[in-house]
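Fold and geometry: a report
The residues making up each chain are set out below.
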Amino acid sequence: MKKFILLILLSCAVPFALPAGNSCLRRDILLESGWKFCRGEESPESVWENVTVPHDWAIYGPFDKKNDLQNVAVTQNNETKASIKTGRTGGLPYIGTGIYKRDIVLAEDNISGKSLGLLFDGAMSNAKVYLNGVLVGSRPYGYSAFYCDISSAVHPGSNSLTVHLMNKPESFRWYPGAGLYRNVHLIITGKAHVPIWGTKVVFGHIGSDFASVKLYISMDNVPSGSSLNILTRIKDGHGHVVTSKNDTRRIYDSLPFRQNFTVDNPSLWSPEHPSLYSAESEIFIDGKLADCYSTVFGVRTEEFIPDKGFFLNGKMRKVHGVCLHNDLGPLGAGINVSALKYRLELLKDMGCDAIRTAHNMPSPELVSLCDSMGFMMIVETFDSWEKPKSKNGYNLYFDKWAETDVRDMVRQFRNHPSVLMWSIGNEVGEQWSPDGYKTALMLEKICHDEDPSRPVTCGMDQVGSVLDNGFAASLDIPGFNYKVPYYRKAYSVLPQGLLFASESASTVSSRGVYFFPIEKNGDVLHPGNQSSSYDTEYCSWSNIPDDDLAADEDYPWVIGQFVWSGFDYLGEPSPYDTDAWPSHSSLFGIIDLAYIPKDRYYLYRSVWNESSPTLHILPHWTWKGREGKVTPVFVYTSYPEVELFVNGKSYGRRRKNDSSKMARFRLMWNDVVYEPGELKAVAYDAEGKVAAERTVKTAGKPDHLVLTPNRTKLSADGNNLVFINVKVVDRDGNLCPSGNRLVKFNVSGAGEFEASANGDPTCLDSFREPRMHLFSGELTAIVRSSTTKGDIVFTASAKGLGKASLAIRSH
């Protein structure tokens, strides 16, 4: 088994301050404002909307059962007969054509002797880009970043930019978003310049004493025979220069320029210490400054050792990961850095250290945040190859575009320290084919051509086929979706000596909802289309979290897992996916669509977070009509022992044990009889001393609203968001778990209402209207800062509960 040991850097073209007397020609300008948008073909000017990019046209709704109604058999779910799939893509109007347009005004000195281009971080989908009526670029896959050279199409003055997008019906299995949902950049450089994603690092020795680094810099349009001089300074995370090189050679071919560096006593990148460096390069041609380029990188090693597991910087560790879809819940697919950061903060506190970008290329903002916040990543390409899952999916473009899409993805992200592996697909139909491994090898070779340092994987669910037909054996590291009972067989017959859960659990639950008696089973259906938060229900193909947690502990050759999924997402409302409207969002998430953790969050936290203790009780303790009935109580904790009390009466102490997988990770009192009052858990440390207590009380009559923001200060940049938890409580502050009243919002001052959600997968309230019903007593409202400094005043009100307000400073 090959060992993958690497030093990583993230490549990004970022202008930076140059020494006095120099002037960098490179400019990277975000095209955010000034756009106009319309649905359908070209329309009268009166129907065009003024929009800001990133923009997702479909998230505004309305929800409708008829939106992308699909009559299909989901073969990866073992279905053999077609049925009506309601809400499969979220019930939102993403299908159809959308057109964006804006003017770009350029002076003569912005054009003369310059190269100009447009970089799209993603455009959903089938993008065609026109400048002054000339087609300058196109890309069918909505998740791929692509670059359009516009140098020959621009002229001084006003230039008309138009982007046509078209989403076909039955093109996805989940909500993809629609429109220019990621950033658009105008990039201006000199004629001779570093191209997009034009740097690469390879290395020799990496150790605590030093790291040997080779930086390769590609150049476009350098006249043959020219003298090329590159001055590069490497700085640490504090901005101090740790080493530099000034190299000169003449250019007679297209080979990249190479510089060698030694970084002494490097600070190694890890999830716990995400240390970063930057290589700041100034490029001179015949003594004249031509370009400048900043490359941010992190030093680390990764080893995948057969039979022994995964080692980061020489230390064995398990990967505690989650899968994330592209959408941001009520914000839609439109990228927002503060929303991404808040998601990662919640996952970090849970003990999560890795993200799988299921099932597509991520935004560069997400990858950069993973670099700086300390998350490892599996960066994924496609949900299908040539064999379709959706009638109009990527299968339509695979033959023509797969190599380009994969090559661009690897070039874009190969230098990020967070990236652990490349994934070339998920549950692709070729798993069954006797020749499927050939396609896997083709895609794997592209990844290795561009980045030989990282392993390649693929998420597989057809274990009966892939173990026998060469598909699983062809991968560097095999990834399995929900196949824990087959792990030992896979380990024994495959050559890699390692495997991991590319998807684990797929447990389903609705926050704050519990059903009696507890049922541990697959495809359990309840009235109201909700699933139990006792975390014992799952889908026919999947399992409960405890199975995967046990596998991580029991098998050193299991390198870890990626839970399906970190957050609920729009679409795929299993098990309520067949003629089950109004279900339209998933129940798989550890955290719900409103960014509120479910009980399951604390189960994972109790195992994964080793720096902060966990003590969590479920269910809530407000059960009018259940008096005298058995109401089981679970405790998720990192403490070794807990005693449970109901109104002061002890139900005994419990310790985790090996009698079952659930007993290994949960403390369960299945004989508790409900009586109103106080439920209390007392935790004891290893010495038997009281270490912590938690109580849950029976709620009285709903009395008022409580507002809790995730932050109290925002930047006045027009893009910062604050997430405000709104809950209904009784007069003593106890959550009223059955609260479902309509709450209205008002925002004044230096901000505006952006969106809201309540986590109910059946709720049809618009995300974008300033009102939302509570679900299980809670919801989340999201407020955006303006570009004006000052206070943002947020007010929530509900009938019979009065008003609650808070002020947030925007500076």
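Below is a summary of the structure that appears in this document.

Quick look at the nonpolar core
Formed by 213 residues in total, the largest nonpolar core has its most connected members in Trp-35, Leu-118, Leu-180, Leu-347, Trp-385, Phe-480 and Phe-794. Of all hydrophobic cores here, the second largest spans 25 residues; its members include Val-194, Val-222, Leu-228 and Ala-290.

So, empty space enclosed by the protein
Counted under the stated rule, the structure contains 6 cavities of 30 Å³ or more. When its volume is computed, the largest cavity comes out at roughly 230 Å³. Every residue lining the largest cavity is counted, 20 residues in all, and those nearest its centre are Tyr-141, Ser-171, Phe-172, Gly-393 and Tyr-394. Residues of the lining of the largest cavity, tallied by class, amount to 7 nonpolar, 9 polar and 4 charged. In this model, the second largest cavity occupies a volume close to 150 Å³. Lining the second largest cavity are 15 residues, with Leu-324, His-325, Asn-326, Leu-340 and Leu-366 sitting closest to its centre. In terms of residue count, the dominant contributor to the lining of the second largest cavity is helix α1 (residues 337-350) (3 residues).

What to know about the pattern of salt bridges
Within the structure shown, the criterion is met by 37 salt bridges. Between Glu-641 and Arg-653 there is a salt bridge whose closest N-O contact spans 3.6 Å. Taken as a pair, Glu-641 in strand β36 (residues 641-646) and Arg-653 in strand β37 (residues 649-655) lie far apart in primary sequence, 12 residues in all. Across the salt bridge formed by Arg-664 and Asp-658, the nearest N and O atoms sit 3.9 Å from each other. Residue Arg-664 is classed as buried on the basis of its relative accessible area, which comes to 18%. Its relative accessible area of 68% is what places Asp-658 among the exposed residues. Taken together, the shared-partner salt bridges connect Glu-403, Arg-407, Arg-411, Arg-414 and Glu-450 into one network.

Observations regarding the pairing of strand β44 (residues 742-749)
Across a regular strand the side chains alternate sides, sitting on one face of the sheet and then on the other. Relative to strand β46 (residues 771-773), β44 is paired through 3 bridges, and the arrangement is antiparallel. When the bridges of β46 are listed, Lys-744 appears paired with Arg-771. Looking at chain direction, β44 and strand β48 (residues 790-798) are connected through 7 bridges and run antiparallel. If you follow Lys-744 over to β48, its bridge partner there is Ser-797.

Here's the deal with the sheet that holds β37
The strand order β37-β36-β39-β40 describes an open sheet built from 4 strands, whose pairing is antiparallel. Only two strands of the sheet have a single partner each, and these edge strands are β37 and β40 (690-697). Here the strands of the sheet are splayed against their neighbours by 20° on average, with no regard to which way each runs. Pairing of strand β39 (residues 678-684) with β40, which is carried by 7 bridges, proceeds in the antiparallel orientation. Pairing of Glu-678 across the sheet is with Lys-697, part of β40.

How each quantity is defined
Residues numbered from 1 in each chain as written. Predicted model: local features only at pLDDT ≥ 70, side-chain atom pairs only at ≥ 80, totals over all residues. Heavy atoms only, no water. Core = buried A, V, L, I, M, F, W, Y, C linked by side-chain atoms within 4.5 Å. Buried < 20%, exposed > 50% of the residue type's maximum accessible area, 1.4 Å probe, protein only. 1 Å grid on protein atoms, 1.4 Å probe; cavity = no way out; pocket = protein on both sides within 12 Å on 5 of 7 lines; lining within 4 Å. Points joined across faces, edges and corners; volume = space filled by probe spheres on them. Nonpolar A, V, L, I, M, F, W, Y, C, P; charged D, E, K, R; others polar. Helix = DSSP H or I, 4+ residues; strand = E, 2+ residues; numbered from the N terminus. Salt bridge = Lys/Arg side-chain N within 4 Å of Asp/Glu carboxyl O. Pairing = 2+ DSSP bridges. Axes fitted to C-alpha atoms, helices over the stretch in contact; angles between N-to-C directions.

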